[in-house]
Amino acid sequence: CPGSKAFIHAKCSLTATFPSNTCEEVATEMIARINGENAWVDPHNGGVYTLTSGGPTSAVLTTQRVTGNKKYTDLQKWTLNKEGSGCQVQACSESQVTSVIDYSTNYCDLHNLYCGSQDGCPVAHSDFKYTENFNSCSQNDKSQCVVKAATVGGPSECKKVEVQQDFDLDKYISQKWYIQQQQPTSYLPASQNYCVSAMYTKRSGGLFGYTISVDNKAFESDKSTKHEASICAAVADKNDPAKLEVAPCFLPTFAAGPYWVVAFNDEEGWALISGGQPTVPGTNGCRTGTGVNGAGLWIFTRQQARDDAVVQKVRDLAVQKGFDITVLNDVDQTSCPQ
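Let us look at the structure shown here. Computed from a predicted model, the values in this text were never measured in an experiment.

The rules we used
- Residues numbered from 1 in each chain as written.
- Predicted model: local features only at pLDDT ≥ 70, side-chain atom pairs only at ≥ 80, totals over all residues.
- Heavy atoms only, no water.
- Helix = DSSP H or I, 4+ residues; strand = E, 2+ residues; numbered from the N terminus.
- Polar contact = N/O pair within 3.5 Å; in protein donor to acceptor, adjacent residues only side chain to side chain.
- Pairing = 2+ DSSP bridges.
- Disulfide = S-S within 2.5 Å.
- Buried < 20%, exposed > 50% of the residue type's maximum accessible area, 1.4 Å probe, protein only.
- 1 Å grid on protein atoms, 1.4 Å probe; cavity = no way out; pocket = protein on both sides within 12 Å on 5 of 7 lines; lining within 4 Å.
- Points joined across faces, edges and corners; volume = space filled by probe spheres on them.
- Nonpolar A, V, L, I, M, F, W, Y, C, P; charged D, E, K, R; others polar.
- Contact = heavy atoms within 4.5 Å.
- Axes fitted to C-alpha atoms, helices over the stretch in contact; angles between N-to-C directions.
- Expected span 1.5 Å × (residues − 1).
- Core = buried A, V, L, I, M, F, W, Y, C linked by side-chain atoms within 4.5 Å.

**Some thoughts on the environment of Gln165**
In step 1: Mapped onto the elements, Gln165 comes out in the loop between strand E6 (131-136) and helix H3 (169-172).
In step 2: Spatially, the C-alpha atom of Gln165 lies 24 Å from that of Gln183, the residues being 18 residues apart in sequence.
In step 3: Here the side chain of Gln165 touches Val163 through a polar contact of 3.2 Å, landing on its backbone oxygen.

**Digging into the pairing of strand E10 (residues 226-235)**
Regular strands show a simple pattern: their side chains alternate between the two faces of the sheet.
In step 1: When strand E9 (residues 212-219) meets E10, the two strands line up antiparallel, connected through 8 bridges. Opposite Lys217, over in E10, you have Glu228 as the bridge partner.
In step 2: What sits between E9 and E10 in their antiparallel hairpin is a turn of 6 residues, with Lys223 showing a positive phi close to 60°.
In step 3: Taken together, the 4 bridges between E10 and strand E11 (residues 243-247) define a ladder with antiparallel strand orientation. Within E11, the residue paired with Ala233 across the bridge is Val246.

**Notes on the state of the cysteines**
In step 1: Tallying each qualifying case throughout the model produces 8 disulfides.
In step 2: Through a disulfide, Cys1 is tied to Cys92; the S-S separation comes to 1.9 Å. The chirality of the disulfide connecting Cys1 with Cys92 is right-handed, given an S-S dihedral of about 90°. Taken together, the positions of Cys1 in the segment before strand E1 (11-18) and Cys92 in strand E5 (residues 86-95) put the pair 91 residues apart, joining distant regions of the chain.
In step 3: You can call Cys1 partly exposed: its relative accessible area is 49%.
In step 4: Note on Cys92: relative accessible area 4%, which makes it buried.

**Focus on the pairing of E11**
In step 1: Counting buried residues in E11 gives 4 out of 5 residues, a clear majority hidden from the surface.
In step 2: In this structure, E11 lies alongside strand E12 (residues 257-265), joined through 4 bridges in antiparallel fashion. Bridged to Val246 within E12 is Gly257.

**Brief notes about the layout of surface pockets**
In step 1: In this model, the largest pocket occupies a volume close to 1,500 Å³.
In step 2: Taken together, 48 residues line the largest pocket, and the ones lying closest to its centre are Asp102, Tyr103, Thr105, Asn293 and Gly294.
In step 3: Elements represented by at least two residues in the lining of the largest pocket include exactly E11 and E12.
In step 4: Residues that form the lining of the largest pocket fall into these classes: 15 nonpolar, 27 polar and 6 charged.
In step 5: Its volume calculated, the second largest pocket comes out at about 640 Å³.
In step 6: As for the second largest pocket, its lining consists of 32 residues, of which Tyr187, Asn216, Ile231, Val246 and Trp298 are closest to the centre.
In step 7: Elements supplying a minimum of two residues to the lining of the second largest pocket: strand E7 (177-182), strand E8 (194-202), E9, E10, E11, E12 and strand E16 (297-301).
In step 8: Considered class by class, the residues forming the lining of the second largest pocket number 21 nonpolar, 9 polar and 2 charged.

**Concerning the side chain of Arg302**
In step 1: Positionally, Arg302 belongs in the loop between E16 and helix H4 (308-321).
In step 2: At 2.8 Å, the side chain of Arg302 forms a polar contact with the backbone oxygen of Lys171.
In step 3: Leaving out residues up to four positions away in the same chain, Arg302 has contacts with Lys171, Tyr172, Ser174, Gln175, Lys176, Trp177, Tyr178, Phe264, Asp266 and Gly269.

**Observations regarding the sheet that holds strand E4 (residues 73-83)**
In step 1: Strand order across the open sheet formed by 6 strands is E2-E3-E4-E5-E1-E6, with antiparallel pairing between neighbours. Each having just a single partner strand, strand E2 (48-53) and E6 make up the two edges of the open sheet. Strand-to-strand, the axes of this sheet are offset by a mean angle of 25°, without reference to chain direction.
In step 2: Of the pairings in the sheet, the one linking E2 to strand E3 (residues 60-66) comprises 5 bridges and is antiparallel in character.

**Regarding helix H1 (residues 23-34)**
In step 1: End to end, H1 covers 16 Å across 12 residues, agreeing with the expected 16 Å (1.5 Å per residue, within 8%).
In step 2: Within H1, 9 of the 12 residues are buried, leaving the element largely enclosed by the surrounding structure.
In step 3: All of the buried residues in H1 are Cys23, Val26, Ala27, Glu29, Met30, Ile31, Ala32, Arg33 and Ile34.
In step 4: Buried residues belonging to H1 abut E1, E2, E3, E4 and E5.
In step 5: Once H1 ends, the next one or two residues include Gly36, with phi positive near 70°.

**Structural notes on the nonpolar core**
In step 1: Counting residues in each nonpolar core, the largest one holds 44 residues, and the members touching the most others are Tyr172, Tyr200, Tyr259, Val261 and Phe300.
In step 2: Apart from the residues within four sequence positions on either side, Tyr172 is in contact with Phe167, Trp177, Tyr200, Tyr259, Val261, Phe264, Ala271, Ile273, Phe300 and Arg302.
In step 3: Of all hydrophobic cores here, the second largest spans 31 residues; its members include Cys23, Ala91, Leu113 and Ala124.

So, in structure tokens, the structure goes:
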């Protein structure tokens with residue numbers, strides 16, 4: 001790997017195999033994309049690549065990618081070896097700042113320089129067939145690598161989401177919540193859209209300063225196979241207490257993901273929750289990701305029994321806030337185990 005100045009940092013190491021293309025062909029296409037030939041633009045939020053060493057016939061290439069917002073730089077190293085009539089590439093990308101969760105950015109740093117139509121990627125000249133095997137790359141969500149253009153009727157850019165004003169955290173965590181609709185994520189797939197609930201309780205700050213314990217429960221369709229996760233939360237911004245952050249309790253807060261209370265009505269018993277600012281254009285609004293951090297959209301109610309009028313009210317509010325609500329699936333809250 002290229003190395004990093006940060007002791008704790010995110011990275012991705014993988015092997016990409018191209019059975020029908022030589023290493024020179026692979027390297028030539030990668031360099032063409034780096035140079036922006038045929039108007040190629042990095043589909044992962046417009047990052048900018050630079051070739052720092054090597055060329056089309058080199059066995060080793062090194063590159064760097066600066067994020068589209070120009071805040072972060074990742075370094076990559078590519079080792080190309082002939083395999084039969086094709087090419088095998090050992091590739092590694094590493095963040096240069098302290099990080100644990102990177103929303104698959106290091107994976108996309110690599111993937112987007114060779115991926116093609118099989119994964120919906122734009123190409124400069126050549127469209128390859130390839131396979132990927134991960135050596136050390138736990139965050140490898142392909143959906144994060146290509147930020148697609150807005151659909152017909154969708155937004156050209158995402159509306160800034162405002163969270164609940166005058167938020168009362170004590171009232172919010174005072175009772176159990178039942179989830180009526182939710183967006184699928186990597187840790188909460190659609191197969192677990194049964195009897196989903198969340199219970200929040202106060203805790204002492206502990207080593208990392210988390211002040212809330214969260215007990216999440218979900219079931220599969222048989223309503224006996226239970227998935228349970230206990231995590232921790234804390235207010236991320238004291239000036240905006242409706243913006244919280246959540247993570248497994250053993251992780252420091254810099255590795256936590258956003259948990260925003262977009263809207264909350266204690267008297268009517270409902271809440272709209274988002275995994276942070278939506279950034280992906282969709283149908284008449286934007287959505288968050290589908291991985292771990294920065295992912296998810298939920299409609300909570302205090303009552304377990306579904307009230308369609310309440311659910312529709314919160315859905316309408318989500319649209320007003322700028323969310324693509326086509327990502328929401330119903331949660332079955334009937335005949336749930338006690």
